[in-house]
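Now for the letters of each chain:
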Amino acid sequence: MENPVLVSWLLQHIQYDGSNFVLSKDIITASGAKSHQQLNTIIKKLFPKVKKKRQYGKAVTGRAYHGISLKENNKPHVPCTLSELQNAVPADALLMSASPEKVEIGITSKLFVNGNAILKTIEFTEAEWNVSIRNHKVDLHRLHIANDFTCSTANFHTVINLVRHIGICQGCRVPIDRVIEEDKYTLEEVQYGSSVVKQESRMRSCYCHQVVSWGSTTDVCRLCQNLPSLLLKKDEPSDTSDLMQIFDKCFPNAPFEMKDLLTAQYDALRARTPQNQRWDKSIIRVCLSLWIRSHRAYNDLRNSKVLILPSGRQLQRYKNTIPLSK
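As a starting point, this report considers the structure included with it. (Residues numbered from 1 in each chain as written. Predicted model: local features only at pLDDT ≥ 70, side-chain atom pairs only at ≥ 80, totals over all residues. Heavy atoms only, no water.)

**Some details on the sheet that holds strand S3 (residues 62-70)**
One open sheet holds the three strands; their spatial order is S1-S3-S2, and the pairing between them is antiparallel. Each of the sheet's edge strands pairs with one partner strand only, and the pair in question is strand S1 (14-23) and strand S2 (51-55). Averaged over all adjacent pairs, the angle separating strand axes in this sheet is 40°, with direction ignored. The sheet contacts of helix H1 (residues 6-13) involve S1 and S3, and relative to S1 the element is tilted by about 105°. Across the sheet, helix H3 (residues 36-46) is in contact with S1, S2 and S3; its angle to S3 comes to roughly 35°. (Pairing = 2+ DSSP bridges. Helix = DSSP H or I, 4+ residues; strand = E, 2+ residues; numbered from the N terminus. Axes fitted to C-alpha atoms, helices over the stretch in contact; angles between N-to-C directions. Contact = heavy atoms within 4.5 Å.)

Written as C-alpha cells, this is what we have:
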C-alpha cells in the first residue's frame, strides 16, 4: 500500500552517511513508496548529495543510493515546551511570533514578487504544524507530508529542514500575443535570487497552490500551468455572445440563422482538429437535411472549402436523434 506521508517517513528514517549505501528496493519495502520513480524523485529533492548507481555483489545486488543510511533504533527525542523552541531557531530563520500555545517561524526564500521577499511561514502548536505561503495554507498531504508534531528540538529542526525543500510556484510566463480574463489570474513581477537580475512578468492563477509537487520538473504548479489553455488571442471575442454583438453591428438585418452559421464557422476554424469541432443542433439539422437528399451534392459542397461542414460520418450518428423538422 502506498505511503501517504512518504516524505515525512524518509526524513525520519534516512540520514546522510558518506560511507554507506541503501538499496532502492529496501527503502520501497520499508517506506511503502509507490514506485522506484516516485522514490528517486523525492530522494533527489531531500538528499541532493546522494548518488544513485547499481550495486553488484554476492549478497547485495540492485539499484542503490550511495551516501545515505537507514537510522537504527531512533533515540527518543527529549520533549520541550513551545516557549523553549524560541532558543532553537536557526540563524537563517525568523522568529515571527511566540506564545505558550503557538510559535511562528519564517523561512526565507530566494523568490521576490513585486519587490517583496516571499517567506514560508511555519506555525507550530502542541499537536501539529502547518506551513503558509503568502497567507495561503499549503495542503501538506498533497505533498505526502504528515503534519503531526511532538514538541522537541529535534522534531523542530526536522520540520524546518523539510520546509526548506518545498518548492514555491513562481507562476506562468506571460505570452506576448495573448490575453486572458483578469478574474482568472494576477500579474506579478518575479525575481529569483538576491543579485541584481532582470525581473520577469508572470501570471499566477487565482487558485494557485503556491507550491510545486516533488515530481515537478518546473517551478510552476499545475493550476498555473493550465493558464495558457485559457488564453485568447488579442482582440479576439472572449465568447459567443461577444461575437453575436459584432454581427449585430456589422450585419444588423441578417437573420439569426445566418449569424448562427457564421458563429459555427468561427468555432470550427478555432478547433485544433476536425474531431474537436462542435456543432449546434440547428446546424446539424440543416446539414442532415442536405445530406439525406444527396450525399454527393453535400460532399461536393463540403469539399469545396466554401464552408466548414460536419462529415457524413458525423451526420450518420445524428440521423436518428435529431428530427429534421423544428
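Following the structure, the description resumes.
**Examining the packing of aromatic side chains**
Applying the stated rule across the entire model yields three aromatic pairs. Judged by centre distance (4.9 Å) and plane angle (55°), the ring pair of Phe124 and Phe156 falls under tilted. You can see Phe124 sitting in strand S6 (residues 116-124) and its partner Phe156 sitting in helix H4 (residues 153-165), a full 32 residues away along the chain. Neither Phe124 nor Phe156 differs from the other in exposure class; each is buried. An aromatic cluster is present here, built from Phe124, Phe149 and Phe156 joined pairwise through their rings. (Phe/Tyr/Trp six-rings, centres within 6.5 Å; stacked < 30°, edge-to-face > 60°. Buried < 20%, exposed > 50% of the residue type's maximum accessible area, 1.4 Å probe, protein only.)

**Brief notes about the pairing of strand S4 (residues 93-98)**
Judged from the five bridges that link them, S4 and strand S5 (residues 103-113) form a sheet pairing that is antiparallel. Bridge pairing in S5 links Ala98 to Val103. Counted along the chain from S4 to the antiparallel partner S5, the turn is four residues long.

**Notes on the pattern of salt bridges**
Scanning the entire structure with this criterion turns up eight salt bridges. Between Arg173 and Glu200 there is a salt bridge, with the nearest N and O atoms lying 2.8 Å from each other. You can see Arg173 sitting in strand S9 (residues 172-173) and its partner Glu200 sitting in strand S12 (residues 200-205), a full 27 residues away along the chain. Here Arg202 and Asp219 are joined by a salt bridge, their closest N and O atoms 3.3 Å apart. Highlighted residues: Arg202 in strand S12 and Asp219 in the loop between S12 and helix H5 (222-225), separated in sequence by 17 residues. For Arg202, a relative accessible area of 3% puts it in the buried group. Judged by its relative accessible area of 25%, Asp219 is partly exposed. Salt bridges sharing partners connect three or more residues here, namely Arg173, Glu200, Arg202 and Asp219. (Salt bridge = Lys/Arg side-chain N within 4 Å of Asp/Glu carboxyl O.)

**Looking at the nonpolar core**
By size, the foremost hydrophobic cluster in this structure holds 50 residues, and its most contacted members are Leu10, Ile27, Phe124 and Trp129. Setting aside chain neighbours within four positions, we find Trp129 in contact with Ile122, Glu123, Phe124, Leu140, Ile145, Ala146, Asn147, Asp148, Phe149, Val159, Leu162 and Val163. In terms of nonpolar packing, the next biggest core, distinct from the first, is built from twelve residues, Trp279, Ile284, Cys287 and Trp291 among them. (Core = buried A, V, L, I, M, F, W, Y, C linked by side-chain atoms within 4.5 Å.)

**A few points about the packing of helix H2 (residues 24-31) against H3**
Relative to each other, H2 and H3 sit at 95°, their axes nearing to 10 Å. As judged from the angle between their axes, H2 and H3 are roughly perpendicular. Residues Ser24, Lys25, Ile27 and Ile28 of H2 pack against His36, Leu39 and Ile43 of H3. Residues of the contact of H2 with H3, tallied by class, amount to four nonpolar, two polar and one charged. (Parallel < 35°, antiparallel > 145°, perpendicular 65-115°, else oblique. Nonpolar A, V, L, I, M, F, W, Y, C, P; charged D, E, K, R; others polar.)

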